[in-house]
Amino acid sequence: MPSEEFESAAAAFRRAGEDAVTHARRVSGNAKARSLRHRSKNVELLKRAGRGAKSGDPTPGTLRAAAERFRRARGLSVPEVAAVPDPADSVPSRSQSAARAPRTGDEDEDFSQMRIMGRDR
């Protein structure tokens, strides 16, 4: 009878849909739990690492001395400690920047990679 086949197919389809929803909820729950675990671990690591330390802070003398001893013991070069350069000194002023060459027309344009990479500088 066609009606029994239709009802069994509909029931199988419904079961497959429910199974898919159940699986999706389980996967979503696991992902959320894992995210919360990682977030709490990150908070702990940030507290232990000293959240207030900035990357631009100078290296403390004790760490610098230990690094120098380590390098000297292994025969490595020890860089001289220089004053921290001012970032404004490394950026050329507008008057120092090179003038842009005028662009040529498309009809005589060279489409090689090096030409294209250097064209818009």
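Residues numbered from 1 in each chain as written. Predicted model: local features only at pLDDT ≥ 70, side-chain atom pairs only at ≥ 80, totals over all residues. Heavy atoms only, no water.

A. Structural context of the overall build of the protein chain. Of the regular secondary structure elements, the protein chain holds four helices and zero strands. The helix and strand sequence of the protein chain, counted from the amino end, reads α-α-α-α. Carbon and sulfur atoms provide 56% of the accessible area of the protein chain, an area that totals close to 11,600 Å². (Helix = DSSP H or I, 4+ residues; strand = E, 2+ residues; numbered from the N terminus. Areas by Shrake-Rupley, 256 points an atom, 1.4 Å probe, with all protein chains shown as cover.)

B. Examining the pattern of salt bridges more closely. In total, this model carries one salt bridge according to the counting rule given. With its nearest N and O atoms 3.7 Å apart, the salt bridge here joins Arg72 to Glu68. Note that Arg72 and Glu68 are positioned in helix H2 (residues 61-73) at a spacing of four residues, about one turn of the helix. Its relative accessible area of 24% is what places Glu68 among the partly exposed residues. (Salt bridge = Lys/Arg side-chain N within 4 Å of Asp/Glu carboxyl O. Buried < 20%, exposed > 50% of the residue type's maximum accessible area, 1.4 Å probe, protein only.)

C. Local environment of the confidence of the model for the protein chain. Scored by pLDDT, the protein chain has a mean of 76; 57% of the residues are at 70 or more. Helix H1 (residues 2-49) holds the highest mean pLDDT among the elements of the protein chain, 90, whereas helix H3 (residues 87-90) holds the lowest, 55. (pLDDT = per-residue confidence, 0-100.)

D. Summary view of H2. The end-to-end C-alpha separation of H2 is 18 Å, in line with the 18 Å expected for 13 residues at 1.5 Å each. Of the residues flanking the end of H2, it is Gly75, one or two places downstream, whose phi is positive at about 75°. (Expected span 1.5 Å × (residues − 1).)

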